[in-house]
Structure formats: structure tokens, C-alpha cells
2 protein chains.
Amino acid sequence: MILTVTLNAALDITYRVPALTPHATHRVAGVEERPGGKGLNVARVLAALGHDTVVTGFAGGRTGDALREMLAPLPLRDALVPVAGTTRRTLAVVDGTSGDTTQLNEPGPAVTAAEWSAFLGAYEGLLADAAAVALCGSLPPGVHVGAYADLVRRARAADVPVLLDTSGEPLLRGVAARPDLVKPNAEELARLTGSREPRRAVRDARRRGAHAVVGSLGPDGLLAATPDGLWQAAPPAPVAGNPTGAGDSAVAGLLSGLVEGLPWPERLARAVALSAATVLAPAAGEYDTAAYEELLGRVTVTERSATG
Amino acid sequence: MILTVTLNAALDITYRVPALTPHATHRVAGVEERPGGKGLNVARVLAALGHDTVVTGFAGGRTGDALREMLAPLPLRDALVPVAGTTRRTLAVVDGTSGDTTQLNEPGPAVTAAEWSAFLGAYEGLLADAAAVALCGSLPPGVHVGAYADLVRRARAADVPVLLDTSGEPLLRGVAARPDLVKPNAEELARLTGSREPRRAVRDARRRGAHAVVGSLGPDGLLAATPDGLWQAAPPAPVAGNPTGAGDSAVAGLLSGLVEGLPWPERLARAVALSAATVLAPAAGEYDTAAYEELLGRVTVTERSATG
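What counts, and where the lines are drawn
- Residues numbered from 1 in each chain as written.
- Chains lettered and ligands numbered in written order.
- Predicted model: local features only at pLDDT ≥ 70, side-chain atom pairs only at ≥ 80, totals over all residues.
- Heavy atoms only, no water.
- UniProt positions renumbered as here; feature names shortened; annotations may be inferred.
- Helix = DSSP H or I, 4+ residues; strand = E, 2+ residues; numbered from the N terminus.
- Rg over C-alpha atoms; globule rule 2.2 N^0.38 Å.
- Buried < 20%, exposed > 50% of the residue type's maximum accessible area, 1.4 Å probe, protein only.
- Salt bridge = Lys/Arg side-chain N within 4 Å of Asp/Glu carboxyl O.
- Least-squares fit on C-alpha atoms with pLDDT ≥ 70 in both.
- Contact = heavy atoms within 4.5 Å.
- Buried area = accessible area lost by both parts, 1.4 Å probe.
- Polar contact = N/O pair within 3.5 Å; in protein donor to acceptor, adjacent residues only side chain to side chain.
- Axes fitted to C-alpha atoms, helices over the stretch in contact; angles between N-to-C directions.
- Parallel < 35°, antiparallel > 145°, perpendicular 65-115°, else oblique.
- Left-handed = near helix turned anticlockwise from the far one by under 90°.
- Phe/Tyr/Trp six-rings, centres within 6.5 Å; stacked < 30°, edge-to-face > 60°.
- Lys NZ or Arg CZ within 6 Å of the ring centre and 35° of its normal.
- Pairing = 2+ DSSP bridges.
- Lys, Arg positive; Asp, Glu negative; His and termini not counted.

- The name that an unreviewed UniProt entry assigns to chain A is 1-phosphofructokinase family hexose kinase, with the source organism given as Streptomyces zhihengii.
- Here is the UniProt Sequence similarities (unreviewed entry) comment for chain A, exactly as written: "Belongs to the carbohydrate kinase PfkB family."

So this is what it looks like as C-alpha cells:
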């Protein structure tokens, strides 16, 4: 099975309003709720691709209960660890006219030392059966900034390939623990390496410890620095739509390709096609299966000179 | 006991952010939740004044459960009627810098005909023991626009004095059913009567059916057209603070005064003092007990000429 870790899971709420006006009163026309947090998004896509998938991390309070209730009908196993605190809500307020989104993110539960220990026990047990693990998203309050570095080391000690998708200081420390793969976007790459030149930045991020680095270049696709070479993968044409969850779909593509033993160009093509098919889907964070199948054969993967 | 009816109860959520910027992502610094809806606010103040208080209306879903859990420790009796739909959330996003609030209100549960019948049964039963009833706030989807008129008639048939505090078409129809008291603000008075001159408007609202009309003039206090005369009650000085719930505290003052058989000037003084003490309290919708006691003796109540 493939394990995804979501330490700061969320109940994602979307409000639709005609237009958001600060200091005015709005009647919300539409309310939607879904389980959120990057690792849960990755797990949904992995499960849709047919992989045996387990989710762990933390869930607590009424929002945690709501989240687990929504996970129950999905084809994945819920191994979330209970916490006394309350799982955060994230609120996306979507303007009906412009389609623009205003995001309000709650901070997440304060995780205690005892809860962190309980999680580590669960994580070690799950690693025993895992073909790969993805560590995804932000850290909730109370979890130490080196937590992902610790989880990377434990995965490596258990011989489980580990992908890290986070940002800021937790990414910096996590990379130093030598994960198999990181998937930073251009902003995170720049913060990690100090360089805004993608080819230089992905190579530099490898030197900092990650065995492979897949930089996401937004609509231009992915740039991968790997032990086997440097590749760029791009969709056949720019796609318009809602980019929410596109990066998580790319992570699912990379991780499933790794577990299936696909060569890098095929992993990258899958990741780009899934990502584009997510942008094209009407519901945020879902992917369009027909678009994925159609795009998969049309992604261009180009080998780049390692020194160029 | 005093009964308050909240057909569209709410879980009131407050988010504190440094500043709300449309189309940006915000970390929410503080999250607060409390039971909301005008009738529940009125009931809290009635209970704090020492009155035996019962709340009814509808509650459903996870937010309904959360709301009832928060009501449980309060000194009032929860007689809310369960619905299959979900109690709405209201979200107030407070700017830390300006203190200004952006309000996002969910629509509320779709109440079925069977649920409305169940409520009417509960309401009739509760009226049998009620010394007075307050009908407060908006109607949830599915409840007919003449619902308050129906509830006013049933209260009058049971010889229970009834106060109506709502707006728009439900207020217009409710007034025609001859409630004992309505408490419109200046905006609602203007919509009800077509007049923006307060003295003319409160008298005209009486002619439309209400036995007494107490118009709220914001910081200028209350203007009451009653069978006993016309009075204006004003706080000793303007008060600065958060006006959330000030109108609901005024309703609690008027209703408790009615049940205690106080003459109109004393009822009005209590309502104005409670309202001002609510504006002064640090927490939205609570009132400052010391400020209330202090203000009560300093409210000025002036009899106005009925023709002036």
C-alpha cells in the first residue's frame, strides 16, 4: 500500500457569493464541504488510480469527526490519529462574478507531546506495510519544525521511499534528512536554494540532500533533477480552470509511478497529465478521468543537459 | 417562564485577521464560536436577569449539535426541535486593525412541512406555560412567509403576550396579526410604514396592527408608541463599542419588564440600559452587569406629545 501523511488535515469549506466586499454583509448562496489537506488530496487521486492507499495524520473535534465521516465512503483506509484539539477549517470564498477566491485558514489543533508519540507509533506500524510514503502540507501548532526530517529518517530506516511536499523551514530541514523526492514550486525552490533559475535551483536542491527534485513550474509543467538525468515535462497546451489540488495530483502521479517502477519520463508524463486534468475538472481538487487519459499520450518530456 | 423562538438559529463563528484582503490567503489568528440567532441572544439575557427561560426553534446537523452542546451549560431550557437539515453558520471576519466586520451568512436548513408541523405542536405545548413569547429573527428556507403571523395568532389565542422582532415581509405580515409588541429599527420602520420620521413611523406601525411599537434609534435609544403614551428613552451619553446583540438585549429588557408588570418608562429604561451595557461589553452579544446597574438610574425617559 501507499501511505500519505497529513499532519494538519482540514475540513475544506467553499462559500459562493456574488462578490466579496469587505465590511459588508453577504448571503452565502452555496456551501460545499470536503476533506482537505494535501495528503488527503494525494490519497484520493492514488485511490482513483487503483492503488491501495492509507491516510494518517491527526483528526480531532467536530470538524475531525465530519472529515472522517466524509472519508468513510472513499476507497482508502483511514488511519488518522485522534487528537483532543479541533481539526482546522479552511474557508474559500469564491466570487461568482470574477471566480476569484479569498482564502481564510484556521491554525489547526495544538498537538501535545503525547499525541505526537502516539502518531509516531502509528506511523512506524504503517511503514512496515508501505511501498512508499508521502509527507504533505503544513505542520499544526505544537509539532516541532524538524518533524518532517524525523519522519523522513524513519521512512529511510524502514527502507520505504519517501516523498516530501511542504514549504519553509520544515522543507529546509526535511531536505537535509535526504528524502527520495521533493516537489517544490518555483517559490519554494527559490526560498530553498536562493535561485530563481529553475534548472540551477532543482540541481542545487538535490545537492542539499534530496535524491530527486521535481520542481513545479505551474502551467509550464514539471522540471525534474534525478539520479538518471534532468527532464522537463509539459502539457500539450496551457489548460484553463481551477488549479486547486493540481500539485497534489502531480504528487500522486509521481508516487504511483515510483511504486510501479516506471522510468522517470513516464512518471513525469503521468504527473503532468493528472495535474492538467485536475485544473480542467469542474470540482476543485478532483481530476477529469477522460481528460487524463487523453492528455497522457500528449505530454512532451524532453531530456535537458545537466550542465545547460 | 418566558419563551423565545429562533426559527433560523445559527452557530456564530468569529475569525480575527490582521486585515481582510479580497483574493488573498489569510491565516486566521483567532477563532471563536457561540450559539447565535436573535432569539437565543434574547434568552441568554433573560436568563442572566433571573427569568425562567425556554428556547425553541430548529436545530439540525453537526452545527445544530455544536449549538445545543454550547447551550447545555447555560441557565435556560433547550426545547429546540430537530430537523434533518443543517443549522446555518454565520461567519464574522473581524479586521484587527480597523475593528470592522465582514459578515458571511449561510442560508439555514430547508425545513419540511412535517418538521414545521412538529414545531407547531411543540410551540402550542410550550405556550401553555409561557408568561410571554418572543419571535425573533429571519426565517429558514422552506418556512412560509406568513409563519410569524401564524405564531402571533396562536400566542394571542393562548392569551400569551407576544413580541415580534423580524424584518421585511415576515414583519409586515406579522404586524397585521396584531402582536403585543414589535421592535423595528429605523430601517425596518421605514420599510414598514414608508416614513423616515420616527414619531410618525412608530404611530403608523401601531395603526397597522401592533399594540405597541418600540423603534430603536441606535445610539439615540428607543422611541415607544404604546396604548399608555409616547416615550423616548435615551442613554446618559453615547456609548462606544460593539453593537452586536444590543437590539436583542433591548428585547430582553422589554419582555422581562412586561412579565414583571413594570410601567412603560421602567421597561424602556431597562431596555436602553441593557442595550448600552451590551455595546460596552468586550465580548460580542454579552452585557456588562456593572455597567447595566450603573446606567439603569441614568437613562432619561421623556414623555412625548402623541400629536407632536
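1. Focus on the overall build of chain A
Alright, step 1. Check the secondary structure of chain A and you find 10 helices and 16 strands.
Alright, step 2. Against the compact-globule benchmark of 19 Å for 308 residues, chain A has a radius of gyration of 19 Å, which places it among compact chains.
Alright, step 3. With the C-alpha coordinates of chain A rotated into their principal frame, the extents come out at 55 × 45 × 40 Å.
Alright, step 4. Scored against the burial criterion, the 308 residues of chain A give a buried share of 57%.

2. Description of the pattern of salt bridges
Alright, step 1. Under the criterion given, the structure shown has 32 salt bridges over all chains.
Alright, step 2. In this structure, the salt-bridge partner of glutamate 124 of chain B is arginine 154 of chain B, at a minimum N-O distance of 2.8 Å. With a gap of 30 residues between them, glutamate 124 of chain B in helix α3 (residues 113-127) and arginine 154 of chain B in helix α4 (residues 147-157) connect regions that are remote in the sequence.
Alright, step 3. Residue arginine 196 of chain B pairs with glutamate 187 of chain B through a salt bridge whose shortest N-O separation is 3.0 Å.
Alright, step 4. Salt bridges sharing partners connect three or more residues here, namely Glu33 of chain A together with Arg89 and Glu106 of chain B.

3. Observations concerning the relation of the copies chain B and chain A
Alright, step 1. In the superposition of chain B on chain A (RMSD 0.0 Å, axial shift 0.0 Å), the rotation amounts to 180 degrees. Given the turn and translation reported, the copies of this chain are related as if by a two-fold rotation axis.
Alright, step 2. Here 100% of the interface residues in chain B have copies in chain A that are interface residues too; the copies meet face to matching face.

4. Some words on the interface of chain B and chain A
Alright, step 1. Contacts between the two partners involve 31 residues from chain B and, on the opposite side, 31 residues from chain A.
Alright, step 2. Summing the contributions of chain B and of chain A, the shared interface buries around 2,500 Å²; its carbon and sulfur component is 53%.
Alright, step 3. Summed over the three residues of chain B that lose the most area to chain A, namely His23, Arg62 and Leu104 of chain B, the buried surface amounts to 26% of that side.
Alright, step 4. Connecting chain B to chain A are 4 salt bridges.
Alright, step 5. Close ionic contact of arginine 62 of chain A with glutamate 69 of chain B constitutes a salt bridge, the shortest N to O distance being 2.5 Å.
Alright, step 6. Run the count over chain B and chain A and you get 17 residue pairs in polar contact (both at pLDDT 80 or more).
Alright, step 7. Among the secondary structure elements, those contributing two or more residues to the side of chain B that touches chain A are β2 (10-17), β3 (25-27), β4 (30-36), α2 (61-71), β8 (88-95) and β9 (101-105) of chain B.

5. Regarding the packing of helix α2 (residues 61-71) of chain A against α2 of chain B
Alright, step 1. Relative orientation of the contacting elements α2 of chain A and α2 of chain B amounts to 160 degrees, with a least axis distance of 11 Å. Considering the angle they form, α2 of chain A stands roughly antiparallel to α2 of chain B. As for how α2 of chain A packs across α2 of chain B, the hand of that crossing is right-handed. Counted together, Arg62, Asp65, Ala66 and Glu69 of chain A of α2 of chain A and Arg62, Asp65, Ala66 and Glu69 of chain B of α2 of chain B form the full contact between these two elements.

6. Digging into the packing of aromatic side chains
The geometry of an aromatic ring pair comes down to the distance between the two centres and the angle between the two planes.
All names here are of chain A.
Alright, step 1. The full count for this structure, using the stated rule, is 10 aromatic pairs over all chains.
Alright, step 2. Both rings, one in tyrosine 287 and one in tyrosine 292, keep their centres 5.8 Å apart while their planes meet at 80 degrees; by these two values the pair is edge-to-face.
Alright, step 3. Residue class for tyrosine 287 comes out buried when judged on its relative accessible area of 14%.
Alright, step 4. A network of ring pairs unites the aromatic residues Phe58, Trp116, Phe119 and Tyr123 as a single cluster.
Alright, step 5. Note that arginine 267 overlies the ring of tryptophan 264, its terminal NZ or CZ placed 4.5 Å from the centroid.

7. Remarks on the sheet that holds β9 of chain B
Alright, step 1. Read across the open sheet, the 5 strands follow the order β3(A)-β9(B)-β8(B)-β2(B)-β4(B); overall the sheet is mixed. Each edge of the open sheet carries a strand with a single partner, namely β3 (25-27) of chain A together with β4 of chain B. Looking at each pair of strands side by side, their axes are set apart by 15 degrees on average, direction ignored.
Alright, step 2. In this structure, β3 of chain A lies alongside β9 of chain B, joined through 3 bridges in parallel fashion. Each bridged residue has a counterpart across the sheet, and for threonine 25 of chain A the counterpart in β9 of chain B is glutamine 103 of chain B.
Alright, step 3. Strands β2, β4 and β8 of chain B of the sheet are contacted by α2 of chain B, whose axis makes an angle of about 80 degrees with β4 of chain B.

8. Quick notes on the sheet that holds strand β4 (residues 30-36) of chain A
Strands pair in a sheet through their backbones, by hydrogen bonds, and they do so in one of two ways: parallel or antiparallel.
Alright, step 1. Taken together, 5 strands build an open sheet; the order of strands is β4(A)-β2(A)-β8(A)-β9(A)-β3(B) and the sheet is mixed. Strands at the two margins of the open sheet, each flanked by one partner only, are β4 of chain A together with β3 of chain B. Averaged over all neighbouring strand pairs, the angle between strand axes comes to 20 degrees, with direction disregarded.
Alright, step 2. Sitting on the sheet, α2 of chain A touches β2 (10-17), β4 and β8 (88-95) of chain A, and the angle it makes with β4 of chain A is about 80 degrees.

9. Digging into the side chain of threonine 56 of chain B
Residue and element names in this part refer to chain B.
Alright, step 1. Relative to the helices and strands, threonine 56 is located in strand β5 (residues 53-59).
Alright, step 2. Within the structure, the side chain of threonine 56 is placed 2.8 Å from the backbone oxygen of alanine 79, a separation counted as a polar contact.
Alright, step 3. The residues contacting threonine 56, other than those within four sequence positions of it, are Leu3, Thr4, Val5, Thr6, Ala79, Leu80, Val81, Phe119 and Leu126.

10. Focus on the side chain of lysine 183 of chain A
Alright, step 1. Position of lysine 183 of chain A relative to the elements: it lies in the loop between β12 (181-182) and α6 (186-193).
Alright, step 2. One buried charged side chain, lysine 183 of chain A, makes no salt bridge at all; its nearest oppositely charged neighbour is aspartate 165 of chain A, positioned 4.0 Å away.

11. Some points on the environment of valine 111 of chain B
All names here are of chain B.
Alright, step 1. Note that valine 111 resides in the loop between β9 and α3.
Alright, step 2. The class for valine 111 is buried, based on a relative accessible area of 6%.
Alright, step 3. Separated by 162 residues in the primary sequence, valine 111 and alanine 273 place their C-alpha atoms 37 Å from one another.
Alright, step 4. With residues near it in sequence (within four places) discarded, valine 111 still touches Phe58, Val83, Trp116, Pro140, Pro141, Gly142 and Val143.

12. Digging into the UniProt feature "domain: Carbohydrate kinase PfkB" (unreviewed entry) in chain A
Alright, step 1. Residues annotated in UniProt with the feature "domain: Carbohydrate kinase PfkB" (unreviewed entry) correspond here to residues 10-285 of chain A.
Alright, step 2. Helix and strand shares over residues 10-285 of chain A are 38% and 25% respectively, and the end C-alpha atoms of the span are 14 Å apart.

13. Some remarks on the environment of arginine 62 of chain A
Alright, step 1. Looking at the secondary structure, you find arginine 62 of chain A in helix α2.
Alright, step 2. Residues arginine 62 of chain A and threonine 87 of chain A, spaced 25 residues apart in sequence, show a C-alpha to C-alpha distance of 7.8 Å.
Alright, step 3. Apart from the residues within four sequence positions on either side, arginine 62 of chain A is in contact with Arg62, Asp65, Ala66 and Glu69 of chain B.

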